[in-house]
Structure formats: C-alpha cells, structure tokens
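Coordinate inspection notes
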Amino acid sequence: MSQNDNEENGRITIKEAFGKWFGLFLVLISAAVVYLLIINLDDIFSGITYIFGIVKPVIYGAIIAYLLNPLTKMYYRLLIKGYEKKGKKPSAKTVSVIESFTILFALLTGVLIIAILCWLVIPQLITTVISLVETVPSQANDYYNYLTEKIQSNKYLASRMQDTALKFTKYMDNIMNHDLFPWLKSVLLPNLNLYAKQFANGVISFLNVLYNLFIGMIVAIYILNGKRVFIAQAKKIIYGVCKKKTADTLIHYVRISNDMFSGFILGKIVDSAIIGIICFVLMTIFSLPYALLVSVIVGVTNIIPVFGPYIGAIPSAMLILLVSPVQALYFIILVAILQQVDGNIIGPAILGDSTGLSAFWVLFSILFFGGFWGIAGMLIGCPLFAVIYTIIKDFVNYCLKRRKLSTDTQTYIDLKSIEDRKDGYEYITYSPSELMGKKKNKNKEDSKDKQKILSDMIRKMVKKTADMQSDNKKKKM
C-alpha cells in the first residue's frame with residue numbers, strides 16, 4: 001500500500017469521525033435549546049403577549065383593510081367605468097387619484113354603516129332600559145298578585161306554598177347570616193380599593209381599544225394604498241427563499257384561503273343584513289315590541305354559523321317575554337321560520353358552496369375553533385377549517401395519484417380490496433349479500449357468546465350446589 005493511499009484512508013477516517021461528532025454536537029445543541037424553551041415557556045408567552053400588545057394597532061388595521069378591500073374594488077370598478085364611458089384612457093396619475101378616492105369612499109362607507117347602527121341601536125337600547133325599569137316592577141307585582149290569588153283559592157297549594165315559604169325563609173336567613181354578611185365583612189369591604197382599580201382598568205382597556213381602532217384605521221389606509229407593493233414584496237420573498245415549485249404551491253393556497261375567507265365572511269355579512277331587515281319588517285307587521293333592537297341583535301348574531309341564530313334569539317325572546325309571553329311565542333315561531341328560509345334559500349343563494357364542507361365538518365369547525373377563540377373562533381372557524389381540509393385533501397389525492405389509485409371517494413365506499421391487474425387496479429367492493437351476511441354472522445356470534453356465558457353460569461351453579469351437598473354429608477358423618 002502506497003503512502004498516498006494511507007493518507008487518503010486517514011483523511012476519510014478523520015472526516016467520518018468529524019461527521020459523527022458533529023452530528024452528536026447538533027443533537028446536544030438541539031436538546032439544550034428544547035430544554036431551555038420548555039423551562040422558559042412562561043417568559044416566552046409573556047414576551048409574545050407583549051409584542052402582540054405593541055403591534056395590536058397594526059393587526060386591527062390589517063383586519064379593517066381586509067374587510068374594506070372589497071369595497072375599494074367595487075368603487076374602483078365604478079369610477080373606472082365612468083371614466084372609460086367618456087372614451088378616455090386613464091393615465092397612471094389618474095389611476096393613483098382614483099385609488100385614493102376609492103380608499104376614502106370605502107372608509108367613509110364603513111364608518112357610516114357603524115354610525116347608522118349606533119344611531120339606530122343606542123336610542124332604542126336606552127328606551128328599552130327605561131321601559132324595563134318602569135314596567136318590570138308593575139309586571140312583577142301583577143304576576144305576584146295573580147299567583148297569590150290562584151294559590152289562595154286552592155287549599156292544597158296554599159298549605160304546600162306556606163311550608164315552602166317557611167323553608168325558603170330559613171334558607172335565605174341562613175345564607176344571609178353565614179355567607180353574605182361574613183363575605184361583606186371579610187372580602188368586599190377590605191377589597192373595595194382593588195375593585196375600584198379593576199373598574200378603572202376596565203375603563204382604560206375600553207379606551208385603549210378605541211385608541212387602537214383609531215390608529216388601526218390610519219394603518220388600514222396605508223395598507224390599502226400600498227397593497228400591490230406589499231403583495232409584490234411577499235411574492236418576491238417567497239420566490240427568493242423557496243424553490244419555484246414550493247413557492248407556486250404556497251401562493252396557490254394563499255389565493256384559495258383569500259377566496260374562502262373573503263367569500264364566506266362578506267357573504268355572511270350580506271346574508272345577515274338581509275335577515276335583519278326581513279326580521280324588522282315582519283316584527284313591525286305583527287306589532288312585536290322592540291322591533292328595531294331585536295332585528296339588529298338577530299342580524300348581527302346571524303353572522304356566526306349554526307349557533308348564531310340561537311345566540312340572538314334567546315335573549316331577544318326573553319326581552320319580549322317581559323312584555324307579553326304570547327308575543328314571545330310568536331317571535332320564536334317567526335325566528336324559526338326565518339332561519340329555515342335563510343338556511344334553504346337566502347344563504348345558499350348568496351354563499352353558494354363557498355367552503356365545500358359538509359354539515360358535520362361545519363359544526364365541528366365551529367365547536368373546535370370556538371373553544372379556542374370564542375366568538376371570533378366561531379366566525380372564522382369554518383373558512384379556516386375549509387383551508388386545512390383542502391390542503392389535506394390535495395395532499396392525499398397527490399399521494400394516491402403517485403400510486404396510480406383513484407381519487408374519487410365514491411370508489412372507496414364498501415371497498416373490500418384493491419387487486420393488481422395487468423391493465424391497472426381493480427376495486428372490489430362487498431356485495432349486498434356479503435354485507436348482510438356479515439351482519440347475520442355477527443348476530444350469530446353474539447348469540448353464541450350469550451349462550452356460552454349462560455351455560456358457564458349454570459355449570460358453575462350446579463358445581464357449587466354439588467360441593468355444598470358433599471360438605472353437608474361430610475359434616476353429618
């Protein structure tokens with residue numbers, strides 16, 4: 001063996017050893033990083049929360065810009081069409097001016113919608129509260145007198161109610177003496193300063209939300225004005241960091257996500273506005289109380305899929321119940337009919353198949369994301385899960401195509417096996433007789449198991465009786 005071969009073998013050995021030690025070094029570093037992350041999770045989450053609090057106006061601005069973007073597109077198309085009707089082609093400067101006006105019009109439209117809702121709801125809310133304060137005591141007194149007359153006219157109910165009243169009085173006296181008064185002395189009075197601070201913090205938090213919304217509106221203007229540049233920069237980063245195929249896939253799913261979110265959320269807003277208007281018209285026709293306030297509540301809560309109608313109908317029905325139980329019943333019937341019309345006619349006409357999810361997955365997504373994020377999760381859960389569902393479905397179909405298998409779900413219903421043939425795959429399904437035979441066999445097996453358990457029990461009882469008899473004979477002897 002020559003000297004060069006020895007040197008080459010030595011270099012390979014050193015390289016292999018270095019590779020092994022370097023891999024072990026990376027494993028140790030990764031383990032140390034994971035360990036540090038685990039023991040510092042609280043600090044990490046607090047840091048994320050702090051950063052989130054700082055960029056909250058930007059997040060609000062992005063959400064406002066996303067909601068106003070369809071309005072800017074609509075106004076842009078209208079202004080461009082009006083300009084082109086004159087037979088002129090707009091210059092770049094004119095297009096820039098038109099875009100600025102579309103942003104202004106969209107922002108004014110959003111503010112105007114919120115202002116109109118507040119103008120309609122707040123006076124009605126104040127009137128409703130004043131009306132309740134004035135009428136509820138007298139209504140409660142009327143109900144009390146009515147019940148008192150009914151109870152006094154029935155001797156059995158009177159005696160029973162007298163015993164119940166005595167028990168209730170003792171129970172309330174016990175609560176007052178043993179729970180309420182000690183709580184007032186030991187908890188409420190010493191912590192009044194703390195509760196006052198919490199109330200002040202609540203007011204400050206509310207003012208902070210208003211401040212963030214105001215700054216968010218300014219941020220939304222900048223985002224809408226520079227959205228083309230931002231989108232171009234995002235694409236530039238994706239194509240620069242990822243491979244072309246990966247970048248194309250990412251951009252494809254971002255477009256799908258945008259279509260699903262915008263189509264679903266904006267469609268639900270339009271649908272809910274129509275439902276609110278129809279509810280107001282019908283309540284006015286049937287002379288139901290608090291028509292405007294209840295219609296706004298029903299329309300706003302209808303944005304939430306599945307559970308939204310119930311969230312809005314229950315408090316509204318309770319509000320009408322204070323005025324008239326019969327009218328509350330009419331309102332419940334009206335809302336039930338209205339929701340059927342919405343679910344079968346209005347909703348499908350506006351939304352169509354915007355998510356492509358079955359009823360089960362819609363319910364699952366609302367419950368799942370609603371558990372994490374509350375009302376916001378219920379609103380965005382359906383389109384978000386639709387995006388996840390689409391990604392998983394495309395990945396599974398891609399894997400099936402690589403194996404040259406069918407991507408049609410109907411092919412796999414009652415599938416028994418997939419046989420490999422010369423001209424491809426043959427999908428063999430269970431025949432109706434086989435499916436029924438399986439059920440019969442299962443019933444036979446169940447009956448055999450029951451018979452075996454019964455026979456074993458009888459055998460044990462007979463054996464136990466025989467043992468007892470033999471023991472008795474031995475004792476007598």
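First things first, this report covers the structure right here in the doc.

What counts as what
Numbering of residues begins from 1 in every chain and follows the order in which that chain's sequence is written. Reporting of local features is limited, given that this is a predicted model, to residues whose pLDDT is at least 70; pairs of side-chain atoms are given and counted only at 80 or more, and all residues count toward the totals for whole chains, interfaces and linings. For the side-chain quantities, the full set of heavy atoms in the structure was used; hydrogens and water were omitted. Helix and strand labels come from DSSP, where a helix needs a run of H or I of at least four residues and a strand needs a run of E of at least two; each type is numbered from the N terminus. Partly exposed describes any residue whose relative accessible area lies between the buried limit of under 20% and the exposed limit of over 50%, with all areas from a 1.4 Å probe on protein chains only and scaled to the type maximum. Contact definition: two residues touch when any of their heavy atoms are within 4.5 Å. Each axis is a line fitted through C-alpha atoms, and for a helix only the stretch in contact is used; angles between axes span 0 to 180 degrees, taken between their N-to-C directions. Angle categories are assigned with fixed cut-offs, so that under 35 degrees is roughly parallel, over 145 is roughly antiparallel, 65 to 115 is roughly perpendicular, and the rest are oblique. Here is the rule for handedness: rotate from the far helix to the near one, and if that takes an anticlockwise turn smaller than a right angle the crossing is left-handed, while a clockwise turn gives right-handed. Three residue categories are used. Nonpolar comprises Ala, Val, Leu, Ile, Met, Phe, Trp, Tyr, Cys and Pro, charged comprises Asp, Glu, Lys and Arg, and polar comprises the others, including Gly. A pair is scored as a salt bridge if a Lys or Arg side-chain nitrogen falls within 4 Å of a carboxyl oxygen belonging to Asp or Glu.

Moving on: the overall build of the protein. Counting its regular elements, the protein contains 13 helices and two strands. Taking all 477 residues of the protein together, 21% fall into the buried category. Across the protein, the fraction of contacts at a sequence separation of at least 24, relative to all contacts at a separation of at least 6, is 57%.

Moving on, we come to the side chain of Gln339. Tracing the backbone through its elements, the reader meets Gln339 in helix H11 (residues 325-351). Take Gln339: its relative accessible area is 17%, and that puts it in the buried class. Not counting the four nearest positions on each side in its chain, Gln339 is found in contact with Ile275, Asn302 and Pro309.

With that out of the way, let us pick up the packing of helix H8 (residues 244-285) against helix H12 (residues 359-402). The interhelical angle for the contact between H8 and H12, taken along N-to-C directions, is 150°, at an axis separation of 9 Å. The orientation of H8 with respect to H12, classified from their angle, is roughly antiparallel. Once H8 is placed against H12, the crossing between them reads as right-handed. Contacts between H8 and H12 pair Tyr253, Ser257, Met260, Phe261 and Phe264 from the former with Leu379, Ile380, Cys382, Pro383, Leu384, Ala386, Val387, Thr390, Ile391 and Asp394 from the latter. The residue makeup of the contact of H8 with H12, split by class, is twelve nonpolar, two polar and one charged.

So, on to the pattern of salt bridges. Close approach of charged atoms allows side chains of opposite charge to pair. This model, assessed by the stated rule, comprises three salt bridges. Put simply, Lys244 and Asp248 hold a salt bridge, and the shortest N to O gap is 2.9 Å. Placement of the pair is Lys244 and Asp248 together in helix H8, with a separation of four residues, close to one helical turn. Since its relative accessible area comes to 59%, Lys244 is described here as exposed.

The next point concerns the environment of Ile122. With respect to the element layout, Ile122 can be found in helix H4 (residues 92-153). For Ile122 and Leu293, which are 171 residues apart along the polypeptide, the C-alpha to C-alpha distance reads 8.7 Å.

From the geometry alone we can't say anything about function, so treat these as descriptive.
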